[in-house]
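Take a look at the letters that make up each chain.
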Amino acid sequence: MQDSSYALFIGFACIWIAMGAAAVIALLKSDNQEVRLGKWGLIVGLPIVLPFVLALLYQVLRPFFVKYFF
């Protein structure tokens, strides 16, 4: 039960990420624009998404590493 708050946080984070992605796609589709991810999309998106993914992975994997290093 100690890690249940992290699981809840990760679950809500995934829901918010999915809702944000769906909103951006719906916004682009409403203007009849093509949805594509080019070079500039990766340059802008990776620095935003990568720290979130790394922080969530750290919190998930931390219990496994703590018993080996401490």
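Check the entry above for the structure.
Values in this document were obtained by computation on a predicted structure and should not be read as measured data.

(A) Helix H2 (residues 39-69), seen in detail. Along its 31 residues, H2 runs just 40 Å from first to last C-alpha, ending more than 12% under the 45 Å computed at 1.5 Å per residue. Its maximal kink placed at arginine 62, H2 deviates by approximately 50°, while the proline proline 63 follows within four residues.

(B) Focus on the packing of helix H1 (residues 4-30) against H2. Interhelical geometry of H1 versus H2 gives an angle of 155° and a closest axis separation of 11 Å. The angle between H1 and H2 places the two elements in the roughly antiparallel class. Read as a crossing pair, H1 and H2 show a hand that is left-handed. In contact with Tyr6, Phe9, Ile10 and Ala13 of H1, H2 contributes Leu56, Gln59, Val60 and Arg62. Classifying every residue of the contact of H1 with H2 gives six nonpolar, one polar and one charged.

Parameters and conventions
Residues numbered from 1 in each chain as written. Predicted model: local features only at pLDDT ≥ 70, side-chain atom pairs only at ≥ 80, totals over all residues. Heavy atoms only, no water. Helix = DSSP H or I, 4+ residues; strand = E, 2+ residues; numbered from the N terminus. Expected span 1.5 Å × (residues − 1). Bend = angle between axes of the 7 residues up to and from the residue. Axes fitted to C-alpha atoms, helices over the stretch in contact; angles between N-to-C directions. Parallel < 35°, antiparallel > 145°, perpendicular 65-115°, else oblique. Left-handed = near helix turned anticlockwise from the far one by under 90°. Contact = heavy atoms within 4.5 Å. Nonpolar A, V, L, I, M, F, W, Y, C, P; charged D, E, K, R; others polar.

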